[in-house]
Amino acid sequence: MGNTFLKTMLLTLALWGVTMVCSAEISALKPRLVVCTDIAPADVEPDDMESMVHLMVYADMFEIEAIITSVGWNCDPFPKDWSQYLFRVIGAYAKDVPNLMKRSGQKKFLSIKKENTSQKIGYWPSAEYINSRAVMGSTSGGIRSIGEHNDSPGSDLLIRLADEDDPRPIYVAAWGGANTLAQAIWRVKQTRTLEELKRFVRKFRLYTITDQDMDYAHRMDRARSSHMWLRREFKDDLQFIWDEGTWQEQCELGKRHWTKHQQYIQGKGALGKEYPNYKWGVEGDTPSFLYVLPNGLNDPEDPSQAGWAGYHERGLCPDSLTTAWTSWQEPTRSISVGYKQHFYSDELNDFIARMQWADEGKGNHNPIVVVNAHKGPSPLVFHAKAGETIRLDASYSKDPDDNTIHFLWWQQPEIGKTKLTIDDAERSIINVRIPVDAAGQTLHLVCEVSDDGANHLKSYQRIIVHTIKEVRR
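Residues numbered from 1 in each chain as written. Predicted model: local features only at pLDDT ≥ 70, side-chain atom pairs only at ≥ 80, totals over all residues. Heavy atoms only, no water.

> How should the packing of aromatic side chains be read in this particular structure?
Given two aromatic rings, their pairing is described by the distance between the two centres and the angle made by the two planes. Tallying each qualifying case throughout the model produces 16 aromatic pairs. With a centroid separation of 6.1 Å and an interplanar angle of 45°, the aromatic rings of Phe343 and Trp410 are classed as tilted. Of the two residues, Phe343 is situated in helix α14 (residues 332-360) and Trp410 in strand β13 (residues 405-411); the sequence distance between them amounts to 67 residues. Judged by relative accessible area, Phe343 falls into the buried class, the value being 1%. The ring of Phe240 has Arg231 sitting right over it, with the charged end atom 5.1 Å from the ring centre. The cationic tip of Arg354 hangs over the ring face of Tyr58; the distance from NZ or CZ to the ring centre is 4.2 Å. (Phe/Tyr/Trp six-rings, centres within 6.5 Å; stacked < 30°, edge-to-face > 60°. Helix = DSSP H or I, 4+ residues; strand = E, 2+ residues; numbered from the N terminus. Buried < 20%, exposed > 50% of the residue type's maximum accessible area, 1.4 Å probe, protein only. Lys NZ or Arg CZ within 6 Å of the ring centre and 35° of its normal.)

Written out as structure tokens, the structure is:
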């Protein structure tokens, strides 16, 4: 009887452990995402439609707080009837989401009331929810538009989102101009104290694809843009990424791999039928949400961490007056483009796999990375003494489809001054010696896990090592 009791207890503890692991895998909340899009007819500018389709097959990874149709390079003022192209994509999502839900085993939607609170990674929202978050923003661009007559459903929604009792930051992806966010900040400035205004602005993180808060003909006249006002007035409060380089490379790589888009994306499911041919470049706006994607590769709170949206450093902007996180000057531009080229096949294969789910309701899953018992999108952070050897163990990583998995460990050299030697970088367990001269530095490593299933999907885990000086007695 004692042995039976012991076995029962051990089984109970084991099952409890499995339950805890499963709970940990699904408990992370999605990042809050707002998109400002100048979506247009395919004969005018098709890349927003392409990026919108791409975003929809990742709706389980983002809490889509708002999709705001607004002004951009090719539409100042924004024609209100162009919003129909956004709703066409959302309508296609409504048709494909039953198949997409099979990817995570989701059987039903939460009530719209619960969808409006918070969503966990892996949850596919209803089309009803996404439709309710699609609103009109600023129809005119530039700093000249900011003021009493520029409020919109989009700027009102941004104010409500920031005022919610939610500690998560709000990431704004500006596929066109960010005039709607600037208007929301201007409105709050008129009605609240300086400290309240700062608190409001600090809720947002802004990633702009170039500067499109003006008509294309005046794009080099930076003073026309409300973006300059945001960078100047709130330089210490607003994390501002001005992407110049990564988005162009996204366009060029898409053109280079266009036959894959035609074969594996266009026509796949209802969403694939809404994916248009390119005109200038392919999906130039996509880096803005890939930057926030919780795939374990980078933490969007730190733009210096390289990922699917490239790499950025804080410095002088192309206007020669303001500062932000940018990638426009060398050598940063080449570094960012290099990362984009390195990760593009991972990104495209991942997109293709999700389009297969949308079309067929079946397909490959990404591997699950576990490093030193840590799993999930957040980085693994620990301290190590200079001169010691650390052990990194990813042997408990697994593949949901029982595919064979492969490992690759590498260091991001732009963070920290010391280069680490990684022996046996393709093994599941590695030992890394921290050099004595690395004391006081922060070093970043990445564990990259790929499977040998369809499209060879990848997942990542970033490891951040804070080094301290060894104390000798």
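> Which parts of the structure should I look at to understand the sheet that holds strand β11 (residues 380-385)?
Overall, mixed pairing links the four strands, which are arranged β11-β16-β15-β13 in an open sheet. Pairing within the sheet leaves two strands with one partner each, and these edge strands are β11 and β13. Geometrically, the sheet is characterised by an average inter-axis angle of 25° between neighbouring strands, direction not taken into account. Pairing of β13 with strand β15 (residues 442-451) involves seven bridges; the strand directions are antiparallel. Bridge pairing links Leu408 to Glu448 in β15. (Pairing = 2+ DSSP bridges. Axes fitted to C-alpha atoms, helices over the stretch in contact; angles between N-to-C directions.)

> Sorry, what's going on with the sheet that holds strand β5 (residues 204-209) here?
Sheet strands line up and pair through hydrogen bonds in the backbone, either parallel or antiparallel. Taken in spatial order, the eight strands make up an open sheet running β3-β2-β1-β4-β5-β6-β8-β7, and their pairing is mixed. On the outer flanks of this sheet lie β3 (134-136) and β7 (313-316), each paired with one strand and no other. Each adjacent strand pair in this sheet contributes to an overall mean axis angle of 25°, direction not counted. Note: β5 against strand β6 (residues 239-243), five bridges, orientation parallel. From the neighbouring strand, Arg205 faces β6, where its bridge partner is Gln239. Packing of helix α2 (residues 47-56) onto the sheet brings it into contact with β1 (32-37) and β2 (63-69), and relative to β1 it is tilted by some 160°. Helix α6 (residues 153-163) contacts β1, β2, β3, β4 (170-174) and β5 of the sheet and is inclined by roughly 155° relative to β2. (Contact = heavy atoms within 4.5 Å.)

> What exactly am I supposed to notice about unusual backbone geometry here?
Residues other than glycine predominantly adopt negative phi, and peptide bonds predominantly adopt the trans conformation. At the junction of Asp76 and Pro77, the peptide bond is cis and its omega measures out at 10° in the coordinates. By the element assignment, Pro77 lies in the loop between β2 and α3 (83-101). Cis geometry marks the peptide bond from Glu330 to Pro331; its omega dihedral reads 5°. Within the secondary structure, Pro331 is located in the loop between β8 (323-326) and α14. For Ser320, which is not glycine, the phi dihedral falls at a positive 60°. On the secondary structure map, Ser320 appears in the loop between β7 and β8.

> I would appreciate a short explanation of helix α9 (residues 226-233) in the present structure.
What sets the pattern is the α-helix's 3.6 residues per turn: residues three or four places apart point alike. For α9, the buried fraction is high: six of the eight residues fall into the buried class. Along α9, the residues that are buried comprise Ser226, His227, Met228, Trp229, Leu230 and Arg231. On the buried face of α9, the contacting elements are α7 (179-191), β5, β6 and β8. Its side-chain oxygen placed 2.9 Å from the backbone nitrogen of His227, Ser225 serves as the N-cap of α9. (Polar contact = N/O pair within 3.5 Å; in protein donor to acceptor, adjacent residues only side chain to side chain.)

> Sorry, what's going on with the pattern of salt bridges here?
Opposite charge on two side chains makes pairing possible when the charged atoms of those side chains draw close. Counted under the stated rule, the structure contains 25 salt bridges. One salt bridge in this structure joins Asp166 and Arg168, with 2.6 Å as the shortest N-O distance. The two residues Asp166 and Arg168 agree in class, both being buried. Across the pair Lys458 and Asp346 runs a salt bridge, and its minimum N-O distance is 3.5 Å. (Salt bridge = Lys/Arg side-chain N within 4 Å of Asp/Glu carboxyl O.)

> Whenever I open this one, the pairing of β4 confuses me. Can you help?
Successive side chains on a regular strand alternate, one facing one side of the sheet and the next facing the other. Counted residue by residue, β4 has five buried out of five residues, so it is predominantly covered. Burial along β4 is two-sided: the face carrying Ile170, Val172 and Ala174 and the face carrying Tyr171 and Ala173 are both buried. Here five bridges tie β1 to β4, and the two strands are oriented parallel to one another. Residue pairing in the sheet places Val34 in a bridge with Val172 of β4. One ladder, built from five bridges, connects β4 with β5; its direction is parallel. Considered in β5, the bridge of Tyr171 is made with Arg205.

> Mind showing me how you'd approach the side chain of Asp346 here?
For Asp346, the position within the fold is in helix α14. Setting aside chain neighbours within four positions, we find Asp346 in contact with Trp308, Lys458 and Tyr460.

> I'm lost on the side chain of Ser226 in this one. Help?
Position of Ser226 relative to the elements: it lies in helix α9. Its relative accessible area of 0% is what places Ser226 among the buried residues. If sequence neighbours within four positions are ignored, Ser226 has contacts with Gly142, Ile143, Ile146, Ala178, Asn179, Ala182 and Asp213.

On their own, these measurements won't tell you what the molecule is for.
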